[in-house]
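Inside the fold
This is what each chain is made of:
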Amino acid sequence: MAMIKSWEEGRAEGRQEGRQEGRQEGRQEGRQEGRQEGRQEGRQEGRQEGRQEILLRVLRLRFGGEVDAHVEQRVATASADQIETWTSRLLSAPTLAELLAD
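Structural notes, computed from the coordinates. (Residues numbered from 1 in each chain as written. Predicted model: local features only at pLDDT ≥ 70, side-chain atom pairs only at ≥ 80, totals over all residues. Heavy atoms only, no water.)

In terms of regular secondary structure, the protein is built from four helices and zero strands. Tracing the protein from N to C terminus, the helices and strands come up as α-α-α-α. Scaling as 2.2 N^0.38, a compact globule of 102 residues should have a C-alpha radius of gyration of about 13 Å, whereas the protein reaches 29 Å, well beyond that. For the protein, the spread of C-alpha atoms along the three principal axes comes to 95 × 20 × 20 Å. Per-residue burial over the protein gives 17% buried out of 102 residues. Here the protein contributes 17 positively and 20 negatively charged side chains, and the mean placements of these two sets differ by 3 Å. (Helix = DSSP H or I, 4+ residues; strand = E, 2+ residues; numbered from the N terminus. Rg over C-alpha atoms; globule rule 2.2 N^0.38 Å. Buried < 20%, exposed > 50% of the residue type's maximum accessible area, 1.4 Å probe, protein only. Lys, Arg positive; Asp, Glu negative; His and termini not counted. Charge placed at Lys NZ, Arg CZ, Asp CG, Glu CD.)

Structure below.
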């Protein structure tokens with residue numbers, strides 16, 4: 001009986017250790033994935049902000065005082081696709097209103 005009990009105890013201890021190791025590995029993997037996702041999101045946000053700044057700079061050069069706080073807000077809240085659309089219109093749109101048309 002003592003052998004069976006000690007085998008069962010060893011088995012239970014092994015399971016407990018395995019669970020603890022699995023949790024620890026899972027936490028480490030989760031932290032690592034979170035860091036990677038955070039870095040990737042940061043890079044994407046940085047690129048978006050850079051595109052917005054360049055677009056505003058060119059808009060100010062081309063349209064001057066027409067680029068007011070409302071236009072700045074539109075650019076700041078625009079999607080990446082919208083920024084790309086507006087950027088492609090920079091040379092062809094005769095007015096700021098046409099450039100920013102939806």
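What follows concerns the pattern of salt bridges. One pass over the full model with this rule turns up two salt bridges. Residue Arg60 is joined to Glu72 by a salt bridge in which the shortest nitrogen-to-oxygen separation is 2.8 Å. With a gap of twelve residues between them, Arg60 in helix H1 (residues 2-63) and Glu72 in helix H2 (residues 69-77) connect regions that are remote in the sequence. A relative accessible area of 38% means that Arg60 is categorised as partly exposed. A salt bridge links Arg74 to Asp102, with the nearest nitrogen and oxygen atoms 3.4 Å apart. (Salt bridge = Lys/Arg side-chain N within 4 Å of Asp/Glu carboxyl O.)

Another point: a positive patch on the surface. A cluster of basic side chains, namely Arg11, Arg15, Arg19, Arg23, Arg27, Arg31, Arg35, Arg39, Arg43, Arg47 and Arg51, defines a positive patch on the protein surface. Its location among the elements puts Arg15 in helix H1. (Patch = residues over 30% accessible without salt bridge, like charges linked within 9 Å, V, L, I, M, F, W, Y side chains within 5 Å. Areas by Shrake-Rupley, 256 points an atom, 1.4 Å probe, with all protein chains shown as cover.)

What follows is about the nonpolar core. Within soluble globular proteins, side chains that are nonpolar tend to cluster in buried spots. Leu59, Val75, Trp86 and Leu99 are the most contacted members of the largest nonpolar core, which totals 15 residues. Per-element accounting of this core gives the leading share, four residues, to H1. Among all residues touching Leu99, those that are not within four sequence positions of it are Leu59, Phe63, Trp86, Arg89, Leu90 and Ala93. (Core = buried A, V, L, I, M, F, W, Y, C linked by side-chain atoms within 4.5 Å. Contact = heavy atoms within 4.5 Å.)

Turning to the side chain of Gln52, a few remarks are in order. Inspection of the secondary structure puts Gln52 in helix H1. Judged by its relative accessible area of 11%, Gln52 is buried. Among the polar contacts listed, one links the side chain of Gln52 to the backbone oxygen of Val75, at a separation of 3.2 Å. Sequence-distant contacts of Gln52, that is, excluding residues within four places in its chain, are made with Val75, Ala76, Ala78 and Ile83. (Polar contact = N/O pair within 3.5 Å; in protein donor to acceptor, adjacent residues only side chain to side chain.)

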